[in-house]
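Coordinate inspection notes
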Amino acid sequence: MIQNVGNHLRRGLASVFSSRTSRKSASRAGNDSAMADGEGYRNPTEVQMSQLVLPCHTNQRGELSVGQLLKWIDTTACLSAERHAGCPCVTASMDDIYFEHTISVGQVVNIKAKVNRAFNSSMEVGIQVASEDLCSEKQWNVCKALATFVAHREITKVKLKQITPRTEEEKMEHSVAAERRRMRLVYADTIKDLLANCAIQDDLESRDCGHMVPAEKTRVESVELVLPPHANHQGNTFGGQIMAWMENVATIAASRLCRAHPTLKAIEMFHFRGPSQVGDRLVLKAIVNNAFKHSMEVGVCVEAYRQQAETHRRHINSAFMTFVVLDADDQPQLLPWIRPQPGDGERRYREASARKKIRLDRKYIVSCKQTEVPLSVPWDPSNQVYLSYNNVSSLRMLVAKDNWVLSSEINQVRLYTLEDDKFLSFHMEMVVHVDAAQAFLLLSDLRRRPEWDKHYRSVELVQQVDEDDAIYHVTSPALGGHTKPQDFVILASRRKPCDNGDPYVIALRSVTLPTHQETPEYRRGETLCSGFCFWREGDQLTKVSYYNQATPGVLNYVTTNVAGLSSEFYTTFKACEQFLLDNRNDLAPSLQTL
């Protein structure tokens, strides 16, 4: 599952609290650090499962079957969801899962699950899976997963209570969960649009047909009868059980192509379209859609019917799984080409190529560590959703950090700093007598920023991507001793609050566009993570916060202000306040839509 904006969240918590905070802040930080170490605090929704891998759990290679692992993952996550909901829950979806390590017979699987955030009747559950060798005491990370569960009562409608995050990690997961939910809700439309708008290249005509395997040779169909052990206390089939059956037929299809024992490396995000109950017959169909150089995509479809209505089948689920074949050194082997059937087979073949690109976008844009990728990421329609997600979630995680240090305060404008990993970040904060929605609308249009920010000389709207995302070309005067002025290509993503207490968000990050290449006239600048958050403090009262993760190009300018050798930060932020006050009555029609 995607999982992984998750790479940001592996950082340890015990060392993040600064000794430079006030006595009160230091005491709170110390308590949070102790809680993060497990001394006196444990997330009330956390559930742990440990299983010894026996021969009956393994495949032909003596490794834990992924199907069995999926059942354990689903059970653990469901128990966590039900602990929070206080009623039965069913699996609604599972995000991308990338399997980093296999698990051998005799080893122990340790699974932890906890609810990251609750919405109206659904919850996001975060799952961590590790393996443990009891003899050597070594441990390995196997995978991370994010699942959505829906609480269900037969008589009354469920309204879930909200999660109150306490540790820094919980705050970050809670904040980003809203953005992940947004991405899931548009996932199907995103896939459809990308497949419709992307030019998918293939070399079917140039390949040697004599060395290609007909796709029809990999087709598998199997039926399963849902019995009471396969279902929960309400008679609904366990999502993990269905996933295990899907993995079984997918493995058979992959084996028919490679004539070997394949290894499942990834499962694409999927949704359960409807429930299945005890007594259902589940028909599972699998076929290899496409074979790339070292990997293959297998498509799986699940349909359900009752004994008396076999002709009326219900579509339960579809999924796409990526397999590889490993040699003795655990290196992926070359795979034979696939020859699709005309018509639907060729469509699936081309769609598999598009999905491979989409998976790479999700894995490396959504999940990457910021320090391991270029600051500016190429923009195109195929990665639009994931860049927007990364833009907003990066800012939300920066906001959720606990170890901000108050550096100065002038006339109730506060400047905070954060030294974290390889970055120096700063945060300006003030309270203004303007409604939060008004401030959000005024500052979300970057074309008006030169009215109050002298660092923005001109702003051109390059592309209005959708209602919430736009790309701007910004020019800026020279900073930090440079003689050339700067220019930026910036993606601006705005979000309204998901729940009471959530802020309005405007997130900014650099992207690259082929229409706006670097020119000799300007020094191309980049911003990795910056933007505004607006919290409603009362009637016509808003806390406005600006965040910026300093990049090398502006580091000297930032440190000069942080050290108190310049007051430009303060002057600019006060100009922002005056801009909001002067224009707060101009937006009455627009506010009705918020």
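Residues numbered from 1 in each chain as written. Predicted model: local features only at pLDDT ≥ 70, side-chain atom pairs only at ≥ 80, totals over all residues. Heavy atoms only, no water.

1. Overview of a nonpolar patch on the surface
A grouping of Leu 52, Leu 54 and Leu 134 is seen on the molecular surface, where their side chains present a nonpolar patch of about 260 Å² in accessible area. Looking at the secondary structure, you find Leu 52 in strand E1 (residues 47–52). (Patch = residues over 30% accessible without salt bridge, like charges linked within 9 Å, V, L, I, M, F, W, Y side chains within 5 Å. Areas by Shrake-Rupley, 256 points an atom, 1.4 Å probe, with all protein chains shown as cover. Salt bridge = Lys/Arg side-chain N within 4 Å of Asp/Glu carboxyl O. Helix = DSSP H or I, 4+ residues; strand = E, 2+ residues; numbered from the N terminus.)

2. Observations regarding the pattern of salt bridges
Summed over the entire model, instances satisfying the criterion amount to 31 salt bridges. A salt bridge links Asp 445 to Arg 447, with the nearest nitrogen and oxygen atoms 3.0 Å apart. Relative accessible area serves as the criterion here: at 45%, Arg 447 is assigned to the partly exposed category. When the shortest N-O distance is used, the salt bridge between Arg 448 and Glu 451 registers 3.0 Å. Members of the salt-bridge network, linked through shared partners, are Asp 95, Glu 124, Glu 173, Arg 180 and Arg 184. (Buried < 20%, exposed > 50% of the residue type's maximum accessible area, 1.4 Å probe, protein only.)

3. As for the side chain of Arg 184
Assignment of secondary structure puts Arg 184 in helix H3 (residues 168–185). The residues contacting Arg 184, other than those within four sequence positions of it, are Ser 93, Asp 95, Glu 124, Leu 146, Thr 148, Met 269 and His 271. (Contact = heavy atoms within 4.5 Å.)

4. Quick word on the pairing of strand E6 (residues 139–151)
Of the strand pairs in this sheet, strand E2 (residues 89–94) and E6 are connected by 5 bridges, and their pairing is antiparallel. Bridge pairing in E6 places Ser 93 opposite Thr 148. Relative to E6, strand E5 (residues 122–132) is paired through 11 bridges, and the arrangement is antiparallel. Residue Ile 127 lies in a different strand from E6, and its bridge partner there is Ala 145. Counted along the chain from E5 to the antiparallel partner E6, the turn is 6 residues long, and its residue Glu 137 has a positive phi close to 65 degrees. (Pairing = 2+ DSSP bridges.)

5. A closer look at the packing of aromatic side chains
Evaluated as defined, the whole model comprises 9 aromatic pairs. With a centroid separation of 4.9 Å and an interplanar angle of 35 degrees, the aromatic rings of Phe 440 and Tyr 504 are classed as tilted. In this pair, Phe 440 sits in helix H8 (residues 436–444) while Tyr 504 sits in strand E22 (residues 504–512), placing the two residues 64 residues apart along the sequence. Judged by relative accessible area, Phe 440 falls into the buried class, the value being 0%. Judged by centre distance (5.0 Å) and plane angle (50 degrees), the ring pair of Phe 532 and Tyr 546 falls under tilted. Here Phe 532 is found in strand E24 (residues 529–538), whereas its partner Tyr 546 is found in strand E25 (residues 541–549), with 14 residues between them in sequence. By the ring-pair criterion, three or more aromatic residues cluster together here, those being Phe 426, Phe 440, Trp 452, Tyr 504, Phe 532, Phe 534, Tyr 546 and Phe 569. Its guanidinium or amino end placed over the ring of Trp 535, Lys 543 lies 4.8 Å from that ring's centre, counting from NZ or CZ. (Phe/Tyr/Trp six-rings, centres within 6.5 Å; stacked < 30°, edge-to-face > 60°. Lys NZ or Arg CZ within 6 Å of the ring centre and 35° of its normal.)

6. Considering the sheet that holds E6
Reading across the sheet, the 6 strands line up as E1-E4-E5-E6-E2-E10 and stay open at both edges, with antiparallel pairing between neighbours. Edge strands, defined here as strands with exactly one partner in the open sheet, are E1 and strand E10 (270–271). With 2 bridges connecting them, E2 and E10 associate as antiparallel partners. Following the sheet pairing, Ser 93 is matched in E10 by His 271. Against the sheet, helix H2 (residues 66–85) touches E1, E2, strand E4 (108–118), E5 and E6, its axis set at about 40 degrees to E4. (Axes fitted to C-alpha atoms, helices over the stretch in contact; angles between N-to-C directions.)

7. Brief notes about the nonpolar core
Residues Met 123, Ile 127, Met 296 and Val 298 are the most contacted members of the largest nonpolar core, which totals 73 residues. The leading source of residues in this core is helix H5 (residues 239–258), at 10 residues. Ignoring any residue separated from it by four or fewer positions in sequence, one finds Ile 127 in contact with Ile 73, Ala 77, Ile 111, Lys 112, Ala 113, Cys 143, Lys 144, Ala 145, Leu 146 and Ala 147. One finds Trp 452, Val 459, Ala 470 and Ile 490 within the second-largest nonpolar core, a separate group that totals 39 residues. (Core = buried A, V, L, I, M, F, W, Y, C linked by side-chain atoms within 4.5 Å.)

8. Here we look at the sheet that holds strand E9 (residues 263–267)
Strands in a sheet are paired, the pairing made by backbone hydrogen bonds, and the direction either parallel or antiparallel. An order of E3-E9-E13-E12-E11-E8 is seen for the 6 strands of this open sheet, with the pairing classed as antiparallel. What marks the edges here is a single partner per strand, and that holds for strand E3 (97–98) and strand E8 (220–225). Summarising the sheet, strand E12 (residues 296–305) and strand E13 (residues 314–324) pair through 9 bridges and their orientation is antiparallel. Bridging across to E13, Val 300 finds its partner in Ala 319. Those strands touched by H5 are E8, E9, strand E11 (281–291), E12 and E13, and its axis lies near 40 degrees from that of E11.

9. Overview of helix H10 (residues 568–583)
For H10, built from 16 residues, the straight-helix expectation of 22 Å at 1.5 Å per residue is met to within 8% by its first-to-last C-alpha distance of 22 Å. The set of residues buried in H10 consists of Phe 569, Thr 572, Phe 573, Cys 576, Glu 577, Phe 579, Leu 580 and Asn 583. Taken end-on, H10 shows its buried residues confined to a sector of 160 degrees, consistent with a single buried face. (Expected span 1.5 Å × (residues − 1). Arc of directions from axis to C-beta.)

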